[in-house]
Amino acid sequence: MNTTVSSIELFPLRIPRDVPYLGPLEEDNRPNSKGYIVRPGNRTVYPVVDQTLLVKAVASDGTVGWGECFGVVAPQIAKTVLEELLIPFVIGHSPHDVERIYDDLYDLQRVRGHFGGYALDAVAGLDMALWDLRGKLLGQPVWQLLGGLRHERLPVYVSGLPGGTKEERAALGKRWIDKGFSALKFAAVVADEGEIAEIEAIRREVGPAPKILADLHWRYTALEAIGLIERLCDYDLYLAEAPVAPEDLAGQAQVARSVSTRIGLGEEWRTVHEYLPRLQARCMDVIQPEMAHTGITGFRRICELAQPFHCQVMPHATINIGIAQAASLHVAATAANFIMHEYQHTIFDRNKQYIRSTMDCRAGYFKLPDGPGLGTEPTEEVLSFVIDRG
Ligand code: MG
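Residues numbered from 1 in each chain as written. Predicted model: local features only at pLDDT ≥ 70, side-chain atom pairs only at ≥ 80, totals over all residues. Heavy atoms only, no water.

A. Spatial organisation of the sheet that holds strand S4 (residues 50-59). Spatially, three strands are ordered S1-S4-S5 in an open sheet, and the strand pairing comes out antiparallel. Two strands bound the open sheet, and with one partner strand each, they are strand S1 (5-15) and strand S5 (64-69). In this sheet, adjacent strand axes meet at a mean angle of 20° when their direction is disregarded. Contacting S1, S4 and S5, helix H3 (residues 117-138) crosses the sheet at an angle of about 155° to S5. (Pairing = 2+ DSSP bridges. Helix = DSSP H or I, 4+ residues; strand = E, 2+ residues; numbered from the N terminus. Axes fitted to C-alpha atoms, helices over the stretch in contact; angles between N-to-C directions. Contact = heavy atoms within 4.5 Å.)

This is the structure:
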């Protein structure tokens, strides 16, 4: 138990991809000088490559732990927060103190106004690396350290159906159903004929049984969202995600109490402090925490906070190489209120070549990685995609 953290190394990565996340770029939509785009009718920035930030924590006995910060946009920012501020507060401490370290790193930034955003993304990856280290030092998987397994198999929904037309997207959805999956989510932002035409095409293709979820990408006012969601319910919509702006708590509550299906929220929030007022106001039926924003400590606290509100957990899966994905599965597997995990097939299936892990997703379920800690490590090859080497 005397092992301490002796060094922390950071790897901001930029991995090229042929087709940008969410599908081909619209005509005239060109990446800017830093490689970022905003899709028409969206307003959110995306890279045209995969970006992430890996954290490597080395213990005094040489054991290595890995974590992954949210690095979809400008991974250099969380890297700077870690290098310039946080890492010196962790060196020399025991990885077994991970929850206290999480609290200390939150506390030391909060009165500076940094209790969200990039500051917490930096904490998230560090927290994951310390949990991985802890598990490896104890020879136990992280799920064991979190109190034991509740879900041996983790049901998933297939997220995103990239394709040029709604017919192509619906046909892709059908292929996933034929492979044994039972839930699909479409993205409003690439539904070029509108959400109603999109769900109509998918429902016609897949039949009545599969669950269909709609990601509304924070696009609507509360009244617009209520009208749209009720029309989507004619096609048996299982869940509407992110209907209104992240800050609009009153609008979120208004939508949730006015529609006849589930509302899912939360991929953009990082702490219990952001979730608590939404849970109290009954803004959602399902929470969607994102591991690369919350870390393992924050994620678990959010899941536990949601439990007395009888709110279910459907974790989000951002662009990552699989370290954050593995961490998300470890916590989900121990959460009493877990129902389904997001399966980003265009990210996970491609990036799994860059990790050493037995984690897999087949026939509707994620399989937890074997081994101590997170059971998932980056390959040497992926570290060669580091940005601003030297
Ligand atoms: Mg989403």
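B. Highlighting the pattern of salt bridges. Inspection of the entire model under this criterion finds 28 salt bridges. Lysine 185 is the partner of glutamate 342 in a salt bridge, and the nearest nitrogen-oxygen pair spans 3.2 Å. Of this pair, glutamate 342 sits in strand S13 (residues 341-343) while lysine 185 sits in strand S7 (residues 183-187), placing them 157 residues apart in sequence. The class for glutamate 342 is buried, based on a relative accessible area of 2%. Residue lysine 185 is classed as buried on the basis of its relative accessible area, which comes to 3%. (Salt bridge = Lys/Arg side-chain N within 4 Å of Asp/Glu carboxyl O. Buried < 20%, exposed > 50% of the residue type's maximum accessible area, 1.4 Å probe, protein only.)

C. View of unusual backbone geometry. Although it is not a glycine, tryptophan 218 sits at a positive phi angle of roughly 60°. Relative to the helices and strands, tryptophan 218 resides in the loop between strand S8 (211-215) and helix H7 (222-232). We classify tryptophan 218 as buried; its relative accessible area is 14%. Even without glycine at this site, alanine 242 takes up a positive phi of about 45°.

D. Structural context of the coordination of the magnesium ion. Asp215 (OD), Glu241 (OE) and Glu267 (OE) make up the full set of protein donors to the magnesium ion, lying at 2.0 to 2.2 Å. One chain supplies every donor to the magnesium ion, and in sequence these donors are spaced D-x25-E-x25-E. With aspartate 215 in strand S8 and glutamate 267 in the loop between strand S10 (262-265) and helix H9 (272-280), this pair connects stretches of sequence that are 52 residues apart. The two residues aspartate 215 and glutamate 267 agree in class, both being buried. (Donors = N, O, S within 2.8 Å, 3.2 Å for Na, K, Ca; no water.)

E. Representation of the packing of aromatic side chains. Taken as a whole, this structure holds ten aromatic pairs when the rule is applied. Considering the side-chain rings of tryptophan 176 and tyrosine 343, the 5.6 Å spacing of their centres and the 90° angle between planes classify their relative orientation as edge-to-face. Of this pair, tryptophan 176 sits in helix H5 (residues 166-178) while tyrosine 343 sits in strand S13; the two residues are 167 residues apart in sequence, bridging distant segments of the chain. When its relative accessible area of 1% is taken as the criterion, tyrosine 343 is described as buried. For the ring pair phenylalanine 348 and phenylalanine 366, a centre distance of 5.2 Å and an interplane angle of 85° mean the geometry is edge-to-face. With phenylalanine 348 in helix H12 (residues 345-351) and phenylalanine 366 in strand S16 (residues 365-367), this pair connects stretches of sequence that are 18 residues apart. Each member of the aromatic cluster is reached from another via a ring pair, and the members are Trp176, Phe181, Tyr343, Phe348 and Phe366. Here the basic side chain of lysine 179 rests over the ring of tryptophan 176, its NZ or CZ set 3.9 Å away from the ring centre. Positioned above the aromatic ring of tryptophan 269, the side-chain terminus of arginine 278 is 4.4 Å from the ring centre. (Phe/Tyr/Trp six-rings, centres within 6.5 Å; stacked < 30°, edge-to-face > 60°. Lys NZ or Arg CZ within 6 Å of the ring centre and 35° of its normal.)

F. Representation of the packing of H3 against helix H10 (residues 291-306). Two elements in contact, H3 and H10, have axes separated by 6 Å at closest approach and are oriented at 55°. Classified by the interaxial angle, the pair formed by H3 and H10 is oblique. Note that H3 runs across H10; the crossing there is left-handed. The residues of H10 that touch H3, namely those facing Leu120, Asp121, Ala124, Asp127, Met128 and Trp131, are Met291, Ala292, His293, Thr294, Gly295, Ile296, Thr297 and Arg300. (Parallel < 35°, antiparallel > 145°, perpendicular 65-115°, else oblique. Left-handed = near helix turned anticlockwise from the far one by under 90°.)

G. Expanded view of the nonpolar core. Leu82, Ile229, Met284 and Ile296 are the most contacted members of the largest nonpolar core, which has 130 residues in total. Examining the composition of this core, we find that ten residues originate from one element, H3, more than from any other. Counting the residues that make up this core, at least three belong to each of domain 1 (5-140 + 380-385) and domain 2 (145-378). Residues Leu213, Tyr238, Leu239 and Met314 belong to the second largest nonpolar core, which totals nine residues. (Core = buried A, V, L, I, M, F, W, Y, C linked by side-chain atoms within 4.5 Å. Domains from an automatic or database assignment.)

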